[in-house]
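Summary of the model geometry
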Amino acid sequence: MNRLKTSTLFKIVMILYLFIILFPFIWVAITSFRPESEIWGSNALDLSEANFTLENYRLVFQTPILNSLKNSLIISGITTIYVTLVASLGAYAIARLDFKFKKLLTVIVLAVSMFPQMIVIGPIYRMFVQLGWTNSYYISLPYSNITLPVATFILITHFAQIPKEMEESATMDGSSKINTFFKIVLPLAAPGIFTAAIIVFIGAWNEFLLSLTLNTNEAWRTATVNISFLRGQFEIFWGQVTAATVIVTIPTLIIVILFQRQIVSGLTSGALKE
Amino acid sequence: MAGITLRDLTKIYDNNFEAVKSINLEIEDGEFMVLVGPSGCGKTTTLRMIAGLEDISGGELYIGGELMNKVDPRDRNIAMVFQNYALYPYMSVYDNMAFGLKLQKFDKKEIKRRIDEAAKILDISEQLDKKPKALSGGQRQRVALGRAIVRHPQVFLMDEPLSNLDAKLRVQMRAELIKLHEDLQTTFVYVTHDQTEAMTMGSRICVMDLGQIKQVATPEEIYSKPDNLFVAGFIGSPQMNFYKGTLSEEMGAYHLEGENEEYDAFRFSIDISDQESVAPYLNKEIIFGIRPEHLMFTDGEGLRAKIFVIELLGSEVNVHIRVQGDIHTVTTDAGTHFKAGDAVTVVPKPGRIHLFDPETENAIRY
Ligand SMILES: Nc1ncnc2c1ncn2[C@@H]1O[C@H](COP(=O)(O)OP(=O)(O)O)[C@@H](O)[C@H]1O
Ligand SMILES: [Mg+2]
């Protein structure tokens, strides 16, 4: 009886919570289908009078949004691949290998993620200008300073959970450390790797400041930056901004829906005694 | 196939804890050696040093006559079965067993031949396509064994491989492991904390305590001639009964005497053939032990005691009595007419008393 009540209460709270979280996005989606004239003013909240239209989308596609999406996709993709790989190796070392200054190293990794972006952006910009790396895919490299520490920490916990015997068993079977890492450990950590990769991807996809500063040429702008340029001299085109926002959000949404199962699934079940 | 030699083998962990203290052990080629002892005595540590999964802090390890201290575990040609099986969950049973063979670059045909052979021995031919999680505990255990067998290693190491199985399956797997050892004729080093397992499986048993070896011998010898108080108490179930008493001599006849709470002191006669060995202990406090199955009830003189509780085991009965503030056990045939609270008198069967030095706790041979 009691359990039933708590679970009903729990559900109500969760639904309310979800609504509060999702409402802004739902409103953005709705707004993107309304003419610019209806977005503001006294009738903005009255959907029964709304004249839904695809005009905003038509206008957005006349801007370089597709090119910026391509840039975002390539930059986020590169970032995801190399950051996940580096984070995997680093996290495995921290979780499993014995070496000096391990604790210190772990703390430094964490500390890197705590530097405010505004402080590091200056030096990075200078460096990029001198190397001639502005307006290029090299922007993926500084993206690691936001994503690498998070990915490493997610993976440390996942590697630490893998039973040591699994690796020792492989060792006894004649497997080298690196072979064991790729053949035994990585598959077992797959849920963690997916989670890390997705978080890295989303982090890179949503990045704004580095992209705005380093890739200033319109041809190299990422999608997030492109949205911020959807404005005239005196106004912001909210209809187009919301339409672009919807378009930019879709890839992340697809990724999360596709990989939801892998993230959650417990791949290790059945490996050990129960 | 190969024998194993441990010479002054020592393990000191990073926290300076000495888990294995300079042990010496000779394991012969093809032998089924069981390491047994209470939890924490260093069995797993010893096994892992043999496997190469744990660094050796001191002493030497030889396998097949070759010094192995610095040899990579991969190059020792040893297979190990882990307590929790450690199967690779996303691989089929077949791939689990093939993993090591593929690394050794055997061709597909040979891999299949070996796996089929092992699967037949272990009766898991039907399970080869399944994932570990679709198997029962006993089947997983077999796959873990199979993974070891297919490699044809020179040594098998097993760390409490049966401890996760239920009692019935454990007895069955025990027999199968003995059979497997007979078939393969390879050196087995088997770790367990269960003395029954040790007694039934080992061709020899190595009893350990607190990082040291207390005795190495055949099961029969360990049981009938324990070297010290620890082995005497650890091996055998129910446990050996221990008494405090004094040894005395009267005109060539020897007696053990002991206090007995509310009853008169008891007195057992004992045949001594080596008078010199017991001479230092005459008329001093000594510890002696008698196994429950070596005590019998009598109507004459002996040790008087009250029955505390009676435990029926089917073919046998364990009668627990109160002696010198302890509960002692007498194992006897079924059909006894005693009940709790009865006063009884017991005597040892002739030649079945074990004597121990109260200081060193070593056995005194007489
Ligand atoms: N990695 C380790 N670091 C420190 N002490 C350890 C470690 N592994 C085991 N020990 C200690 O060494 C002793 C022997 O352990 P172990 O060999 O696992 O015993 P057993 O297998 O006989 O139960 C125990 O007291 C245990 O706490
Ligand atoms: Mg152990």
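Residues numbered from 1 in each chain as written. Chains lettered and ligands numbered in written order. Predicted model: local features only at pLDDT ≥ 70, side-chain atom pairs only at ≥ 80, totals over all residues. Heavy atoms only, no water.

A short note on the packing of helix 6 (residues 117-131) of chain A against helix 7 (residues 140-161) of chain A
Residue and element names in this part refer to chain A. Two numbers describe how helix 6 lies on helix 7: the axes approach to 11 Å, and their chain directions differ by 160°. On the basis of their axis angle, the class for helix 6 and helix 7 is roughly antiparallel. Here helix 6 runs over helix 7; the crossing is right-handed. Along the contact surface, helix 6 presents Q117, V120, I124 and F128, while helix 7 presents P142, N145 and I146. Here the contact of helix 6 with helix 7 is composed, by residue class, of 5 nonpolar, 2 polar and no charged. (Axes fitted to C-alpha atoms, helices over the stretch in contact; angles between N-to-C directions. Helix = DSSP H or I, 4+ residues; strand = E, 2+ residues; numbered from the N terminus. Parallel < 35°, antiparallel > 145°, perpendicular 65-115°, else oblique. Left-handed = near helix turned anticlockwise from the far one by under 90°. Contact = heavy atoms within 4.5 Å. Nonpolar A, V, L, I, M, F, W, Y, C, P; charged D, E, K, R; others polar.)

As for the packing of aromatic side chains
Counting across every chain of the model gives 24 aromatic pairs over all chains. Judged by centre distance (5.6 Å) and plane angle (20°), the ring pair of F201 of chain A and W205 of chain A falls under stacked. Taken together, the residues span about one helical turn, with F201 of chain A and W205 of chain A both in helix 10 (residues 190-206) at a distance of 4 residues. Considering the side-chain rings of Y243 of chain B and F266 of chain B, the 6.0 Å spacing of their centres and the 65° angle between planes classify their relative orientation as edge-to-face. Residue Y243 of chain B is found in strand 11 (residues 241-250), and its partner F266 of chain B is found in strand 13 (residues 266-270); the two are separated by 23 residues along the sequence. Three or more aromatic residues link up through ring pairs in this structure, and these residues are Y92, F159, F181 and F182 of chain A. The ring of F229 of chain A is capped by R221 of chain A, whose NZ or CZ atom sits 3.6 Å from the centre of that ring. Over the aromatic face of F106 of chain B sits the side chain of R114 of chain B, whose NZ or CZ is 4.3 Å from the ring centroid. (Phe/Tyr/Trp six-rings, centres within 6.5 Å; stacked < 30°, edge-to-face > 60°. Lys NZ or Arg CZ within 6 Å of the ring centre and 35° of its normal.)

Considerations on the state of the cysteines
Residue and element names in this part refer to chain B. Under the counting rule described, the total for this entry stands at 0 disulfides over all chains. Of all cysteine sulfurs, the one in C206 lies closest to C41, which takes part in no disulfide; the gap is 8.7 Å. Of the residues examined, C206 reaches a relative accessible area of 1% and is grouped as buried. (Disulfide = S-S within 2.5 Å. Buried < 20%, exposed > 50% of the residue type's maximum accessible area, 1.4 Å probe, protein only.)

Brief notes about the pattern of salt bridges
Applying the stated criterion across every chain, the model contains 20 salt bridges over all chains. The partner of E167 of chain A in a salt bridge is R96 of chain A, and the shortest N-O contact between them spans 2.9 Å. Taken together, the residues E167 of chain A in helix 8 (residues 164-172) and R96 of chain A in helix 4 (residues 65-96) connect sequence positions 71 residues apart. As a salt-bridge pair, R267 of chain B and E250 of chain B come within 3.7 Å of each other at their nearest N and O atoms. Within this pair, whereas R267 of chain B is found in strand 13, its partner E250 of chain B is found in strand 11, the two being separated by 17 residues in sequence. Given the relative accessible area of 37%, R267 of chain B is considered partly exposed. Each of E168 of chain A together with K11, R48 and E54 of chain B takes part in a single network of salt bridges with overlapping partners. (Salt bridge = Lys/Arg side-chain N within 4 Å of Asp/Glu carboxyl O.)

Description of the domain arrangement of chain B
How big an interface is tends to be reported as the loss of accessible area on association of its parts. All names here are of chain B. Domain assignment breaks chain B into domain 1 (4-234) and domain 2 (241-364). A separation of 39 Å is found between the C-alpha centroids of domain 1 and domain 2. Its largest share of buried area at the contact with domain 2, domain 1 owes to Y223, L229 and A232, together 64% of the area lost on that side. The tally of links between domain 1 and domain 2 comes to 0 salt bridges. Linking domain 1 with domain 2 are 4 residue pairs in polar contact (both at pLDDT 80 or more), by the criterion used here. Only helix 7 (219-224) and helix 8 (229-234) provide two or more residues apiece to the side of domain 1 that touches domain 2. Of the residues in the side of domain 1 that touches domain 2, the class split is 5 nonpolar, 3 polar and 1 charged. (Domains from an automatic or database assignment. Buried area = accessible area lost by both parts, 1.4 Å probe. Polar contact = N/O pair within 3.5 Å; in protein donor to acceptor, adjacent residues only side chain to side chain.)

What to know about the sheet that holds strand 16 (residues 303-312) of chain B
As a general point, the strands of a sheet are linked pairwise by backbone hydrogen bonds and lie either parallel or antiparallel. All names here are of chain B. Pairing within the open sheet is antiparallel, and its 5 strands lie in the order 15-19-16-17-18. Across the chains shown, the open sheet's two edge strands, defined by having one partner strand only, are strand 15 (295-297) and strand 18 (326-333). Across the sheet, the mean angle from the axis of one strand to that of its neighbour is 50°, orientation sign disregarded. Where strand 16 meets strand 17 (residues 316-323), 6 bridges bridge the pair, whose relative direction is antiparallel. In the sheet register, I307 faces strand 17, and the bridge partner there is I321. (Pairing = 2+ DSSP bridges.)

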